[in-house]
Amino acid sequence: MKIQFLGATDTVTGSKYLVRHGEASVLVDCGLFQGYKPLRLRNWSPLPVAAADIDAVILTHAHIDHSGYLPLLARQGFTGKVFCTPGTADLCRILLPDAGHLQEEEAEYANRHGFSKHAPALPLYTREDAMRCLKLLHPVPAGKPWHPVPGLNASLTPSGHMVGSSFVRLDDGSRSILFSGDIGRPNDLVLRPPSPMDGADYLVVESTYGDRLHKDSDPVLALGQVIKRTAARGGVVVIPAFAVGRAQSLLHCIEVLKTQGVIDRKLPVYLNSPMAAKATQLYLKHKAELRLTFAECEAMAHTAHIVESPEESRLLNAKHGPMVIIAASGMATGGRVVHHLKAFAPDKRNTILFAGFQAGGTRGALIAGGAPTVRIHGQEVPVRAEVAMLDDLSAHSDAAEITGWLRGFKSTPKQTFVTHGEPAAADAMRQRIERELHWPCHLPCYLESVSLD
């Protein structure tokens, strides 16, 4: 068995791991690169393996940095099955077409306003490409082993990161490898905790928060404080949020704040993401994966006004506070939130609130890092609004929580590959595992291949 790292090395995006078993090839995760331009350019480069030569794909979860390359892979000739949990399949059916639509929309906007360096600007893939690849999805229940290719056993175990997310374990009878995907929080407000695992001969573990610990504070209280002080000055709270996972956590927190009387029950709250609205309904469908009661789920789904049309989205920019707008994307790389940032960032009464990790090179990372201006649609937009962070709502385990999950393993892996983190975070995670668990660790390089003996 061999593994080649086609992404998520020295970065938190582009997760792709090619596992070769005899003559067969299985791709674990199929994500897009995001952030810095050199990374994004990799999305346009051909993979080092022909798409038609890949026999199967297994997804840990539906986030675009783990699934968003699927439409391209299918367009390039992949015709095999894409294995995943039913929850992941349901979410891919809304996430991937939306990703294609956004890319078409952004290319069209760039061409119409003439700020692209390309003539014409083209989408990486289209909504039609995404719709075609959905036919390849093959849901399998968590906990039920199957054979993605002859001679290779696979199983999925809930990882608590989002609805449908799972750990992927492959075993050929002689050796095994476990992929963590993204590891959820043990005390997440909405989702059940990551399942314990016995371990494997080889481990690929994420390190998004490998160099830090989440604050020991109440995220509901912290969110309430931001909303209260912004509302008091008549401002707008703009929250760039991942449509799946983070948006639902925010809706639950806001409903709790309104129920407790911390914020005014009449405070306007807008969910400006049709995809997030659909995802919220899917969360209700997969309620068994949540720690919320039925009543709490229903309240979460109805606490915000759903903004349906682009025209209604544009009209929001002419409104005045106090109000809260939750809109995708989570790192402000595209989508409707970009237009809201353009409208509200210049006013010091407003607040831009980030509720999760901002990858280097993204617009969100620039704003969170204190940039006085940010480039949007070819213009430099001043950032005078308050900029606040709410790390407590992260859906990723921090360094101590990852280590705590690893301590549950019954055996020491022969090798642990630390991936899916910025360089400093990945190296810090490596050092922590080596120091506390005494496990051998390795930071793989982009396109590196390793034989699993």
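Residues numbered from 1 in each chain as written. Predicted model: local features only at pLDDT ≥ 70, side-chain atom pairs only at ≥ 80, totals over all residues. Heavy atoms only, no water.

Peer 1: Help me understand helix α6 (residues 219–232), please; the structure alone is not making it clear to me.
Peer 2: Quick reminder: α-helices carry 3.6 residues per turn. Residues three or four places apart thus point the same way. Along its 14 residues, α6 runs 20 Å from first to last C-alpha, staying within 8% of the 20 Å computed at 1.5 Å per residue. Looking at α6, one finds that the buried residues are P219, V220, L223, G224, V226, I227 and T230. Projected onto a plane normal to the axis of α6, the buried residues spread over an arc of 165° and lie on a single side. Those residues of α6 hidden inside the fold are in contact with β12 (236–240), α7 (246–260), β15 (323–327), β16 (351–354) and β19 (386–389). For α6, the capping residue at the N-terminal end is D218, with a side-chain oxygen 2.9 Å from the backbone nitrogen of V220. Where α6 ends, the next residue or the one after it, G234, has phi of about 75°, a positive value. (Helix = DSSP H or I, 4+ residues; strand = E, 2+ residues; numbered from the N terminus. Expected span 1.5 Å × (residues − 1). Buried < 20%, exposed > 50% of the residue type's maximum accessible area, 1.4 Å probe, protein only. Arc of directions from axis to C-beta. Contact = heavy atoms within 4.5 Å. Polar contact = N/O pair within 3.5 Å; in protein donor to acceptor, adjacent residues only side chain to side chain.)

Peer 1: Help me out: how do you make sense of the sheet that holds β15 in this one?
Peer 2: The strand order across the open sheet built from six strands is β14-β13-β15-β12-β16-β19, with neighbouring strands paired in parallel fashion. Edge positions in the open sheet fall to β14 (305–306) and β19, since each of these has one partner strand only. Bridge count between strand β13 (residues 269–272) and β15: four bridges; the pairing is parallel. Its bridge partner lying in β15, N272 is registered against A327. Strands in contact with α7 are β12, β13 and β15; relative to β15, the strand with the most contacts, it is inclined by about 160°. (Pairing = 2+ DSSP bridges. Axes fitted to C-alpha atoms, helices over the stretch in contact; angles between N-to-C directions.)

Peer 1: For this particular structure, what's the right way to read the pairing of strand β18 (residues 379–382)?
Peer 2: Successive residues of a regular strand alternate their side chains across the two faces of the sheet. Where strand β17 (residues 373–376) lies against β18, four bridges are found, and the strand directions are antiparallel. Looking at the pairing, R375 lines up with E380 of β18. Once β17 ends, the chain turns through two residues before running back antiparallel as β18, passing H377 with a positive phi of about 50°.

Peer 1: How should the packing of helix α8 (residues 274–285) against helix α9 (residues 294–302) be read in this particular structure?
Peer 2: Running from N to C, α8 and α9 cross one another at 175°; their axes reach a closest spacing of 10 Å. Judged by the inter-axis angle, α8 sits roughly antiparallel to α9. Each of T280, Q281, Y283 and L284 in α8 lies in contact with α9, whose residues at this interface are C297, E298, M300 and A301. Considering only residue class, the contact of α8 with α9 consists of five nonpolar, two polar and one charged. (Parallel < 35°, antiparallel > 145°, perpendicular 65-115°, else oblique. Nonpolar A, V, L, I, M, F, W, Y, C, P; charged D, E, K, R; others polar.)

Peer 1: Explain unusual backbone geometry here, please?
Peer 2: Excluding glycine, a negative phi dihedral is what most residues carry, and trans is how most peptide bonds are arranged. Omega for the bond connecting G321 with P322 falls within 30 degrees of zero, at 5°, which places this linkage in the cis form. By the element assignment, P322 lies in the loop between α10 (310–316) and β15. Here the amide bond leading from A328 into S329 is cis, since omega sits at 15°, within 30 degrees of zero. Mapped onto the elements, S329 comes out in the loop between β15 and α11 (336–344). At H377, a residue that is not glycine, the phi angle is positive and equals roughly 50°.

Peer 1: Teacher, can you tell me more about the packing of helix α4 (residues 86–113) against α8 here?
Peer 2: The axes of two packed helices give the description: the angle between them and the distance between them. Two elements in contact, α4 and α8, have axes separated by 10 Å at closest approach and are oriented at 175°. With respect to their mutual orientation, α4 and α8 come out roughly antiparallel. In contact with D90, L91, I94, L95 and D98 of α4, α8 contributes M275, K278, A279, L282 and K285.

Peer 1: I would appreciate a short explanation of α8 in the present structure.
Peer 2: Over its 12 residues, α8 runs 17 Å from end to end, which matches the ideal 16 Å to within 8%, given 1.5 Å per residue. Listed as buried for α8 are M275, A276, A277, A279, T280, L282, Y283 and L284. Tucked into the core, α8 has its buried residues touching α4, α7, β13, α9 and β14.

Peer 1: Whenever I open this one, a nonpolar patch on the surface confuses me. Can you help?
Peer 2: On the surface, L41, W44 and L122 cluster together to form a nonpolar patch covering roughly 350 Å² of accessible area. Summarising the element assignment, L122 is placed in the loop between α4 and α5 (127–133). (Patch = residues over 30% accessible without salt bridge, like charges linked within 9 Å, V, L, I, M, F, W, Y side chains within 5 Å. Areas by Shrake-Rupley, 256 points an atom, 1.4 Å probe, with all protein chains shown as cover. Salt bridge = Lys/Arg side-chain N within 4 Å of Asp/Glu carboxyl O.)

Peer 1: Teacher, can you tell me more about the environment of F357 here?
Peer 2: Mapped onto the secondary structure, F357 falls in the loop between β16 and α12 (363–368). On a C-alpha basis, the gap between F357 and L393 in space is 9.8 Å, while along the polypeptide they are 36 residues apart. When neighbours within four sequence positions are excluded, F357 is seen to be in contact with V12, T208, Y209, R212, F242, R246, M331 and E422.

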